[in-house]
Amino acid sequence: MCTMRLTKEVRNNVVREVVGEDVLPVMEYLLDKENISEFKIAEALDLEVNRTRNILYRMYTHNIVTYHRKKDRIKGWYISYWTLNLNRIKQLVTELKRKKIEQLKDKLTKEAANENLFFLCPNMCIRADFDRASTLDFRCPECGNLLAQQDNSKTIENIQGLIEKLEGELADDLKTKAVAK
Ligand SMILES: [Zn+2]
């Protein structure tokens, strides 16, 4: 079992992003509990049973909860009993970080290749991409000043910083996981 620190903030952020905001009260309620019926959850949170089921099934499609069904001896119908899968939430934290690193690396490649090359008027009248700037002969149509290439080194630096931060976090997460094994 993984012992990655899963603070309330981290937990809420990842589940909000993957499943949705309305899931959070159900997740909170199921913490430190096991095999809770959907009726009990609905009652505790003052939600309609159908609404509660909808939330639980959405969580289930991401494996954030597990359930088993049992026939109610008196009523004769089946009731589902739900348990939160905290390890899966930890996995999602790691998966999301990996995804974000990939996206940032894509962005970095594009910035570095100057695909987002922009030209600015020193008086801030316009900002134009390369095609537009070249049709203007690199002169501002408003004030006639020469357009200057926008420096994206700060942007590149910021993206690199974010990637380093996420990769560091990921390495820490995996380290704690290895120790716990
Ligand atoms: Zn200008």
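Residues numbered from 1 in each chain as written. Predicted model: local features only at pLDDT ≥ 70, side-chain atom pairs only at ≥ 80, totals over all residues. Heavy atoms only, no water.

(A) Looking closely at the pattern of salt bridges. Tallied over the entire structure, the rule returns 13 salt bridges. Close ionic contact of glutamate 17 with lysine 100 constitutes a salt bridge, the shortest N to O distance being 3.5 Å. Of the two residues, glutamate 17 is situated in helix H1 (residues 8-18) and lysine 100 in helix H5 (residues 86-112); the sequence distance between them amounts to 83 residues. Linking lysine 97 and aspartate 173 is a salt bridge whose minimum nitrogen-to-oxygen distance equals 2.9 Å. One end of the pair, lysine 97, is in helix H5; the other, aspartate 173, is in helix H7 (residues 153-180), with 76 residues separating them in the sequence. Here lysine 97 and aspartate 173 have matching classes, each one buried. Several salt bridges share partner residues, and in doing so they unite Lys97, Lys165, Glu169 and Asp173 into one network. (Salt bridge = Lys/Arg side-chain N within 4 Å of Asp/Glu carboxyl O. Helix = DSSP H or I, 4+ residues; strand = E, 2+ residues; numbered from the N terminus. Buried < 20%, exposed > 50% of the residue type's maximum accessible area, 1.4 Å probe, protein only.)

(B) Examining the sheet that holds strand E3 (residues 78-84) more closely. With antiparallel pairing, the three strands of this open sheet are ordered in space as E1-E3-E2. Both outer strands of the open sheet, strand E1 (36-37) and strand E2 (65-71), are each paired with one neighbouring strand and no more. The pairing of E2 with E3 spans seven bridges and is classified as antiparallel. From the neighbouring strand, tyrosine 67 faces E3, where its bridge partner is tryptophan 82. (Pairing = 2+ DSSP bridges.)

(C) Representation of the packing of aromatic side chains in the model. Tallying each qualifying case throughout the model produces seven aromatic pairs. Relative to phenylalanine 138, the ring of phenylalanine 119 has its centre 5.1 Å away and its plane inclined at 65 degrees; by these criteria the two rings are edge-to-face. One end of the pair, phenylalanine 119, is in strand E4 (residues 118-120); the other, phenylalanine 138, is in the loop between helix H6 (130-135) and strand E6 (148-149), and 19 residues separate them in sequence. Using a relative accessible area of 7% as the deciding quantity, one classes phenylalanine 119 as buried. Following the ring pairs from residue to residue traces out a cluster consisting of Tyr57, Tyr60, Tyr67 and Trp82. Positioned over the ring face of tyrosine 81 is lysine 70, at 5.9 Å from the centre of the ring. (Phe/Tyr/Trp six-rings, centres within 6.5 Å; stacked < 30°, edge-to-face > 60°. Lys NZ or Arg CZ within 6 Å of the ring centre and 35° of its normal.)

(D) Here's a closer look at the confidence of the model for the protein chain. Confidence along the protein chain averages 91 in pLDDT terms, with 93% of residues attaining 70 or more. Mean pLDDT values for the elements of the protein chain range from 86 in H7 up to 97 in helix H2 (residues 24-30). (pLDDT = per-residue confidence, 0-100.)

(E) Examining the coordination of the zinc ion more closely. Coordination of the zinc ion by the protein involves Cys121 (SG), Cys125 (SG), Cys140 (SG) and Cys143 (SG), with metal-donor separations of 2.3 to 2.4 Å. Coordination at the zinc ion is tetrahedral, judged from the four donor atoms that bind it and the angles of 102 to 114 degrees they form at the metal. We note that the donor set of the zinc ion lies within a single chain, spaced as C-x3-C-x14-C-x2-C. (Donors = N, O, S within 2.8 Å, 3.2 Å for Na, K, Ca; no water. Tetrahedral: all angles 85-135°; square planar, octahedral: opposite > 155°, others 65-115°.)

(F) Spatial organisation of the nonpolar core. In this structure, Val15, Leu30, Ile41, Met59, Ile64, Leu84 and Ile89 are the most contacted members of the largest nonpolar core, which totals 24 residues. Broken down by secondary-structure element, the contributors of at least two residues to this core are H1, H2, helix H4 (49-61), E3 and H5. In terms of residue count, H2 provides more of this core than any other element does, five residues in total. (Core = buried A, V, L, I, M, F, W, Y, C linked by side-chain atoms within 4.5 Å.)

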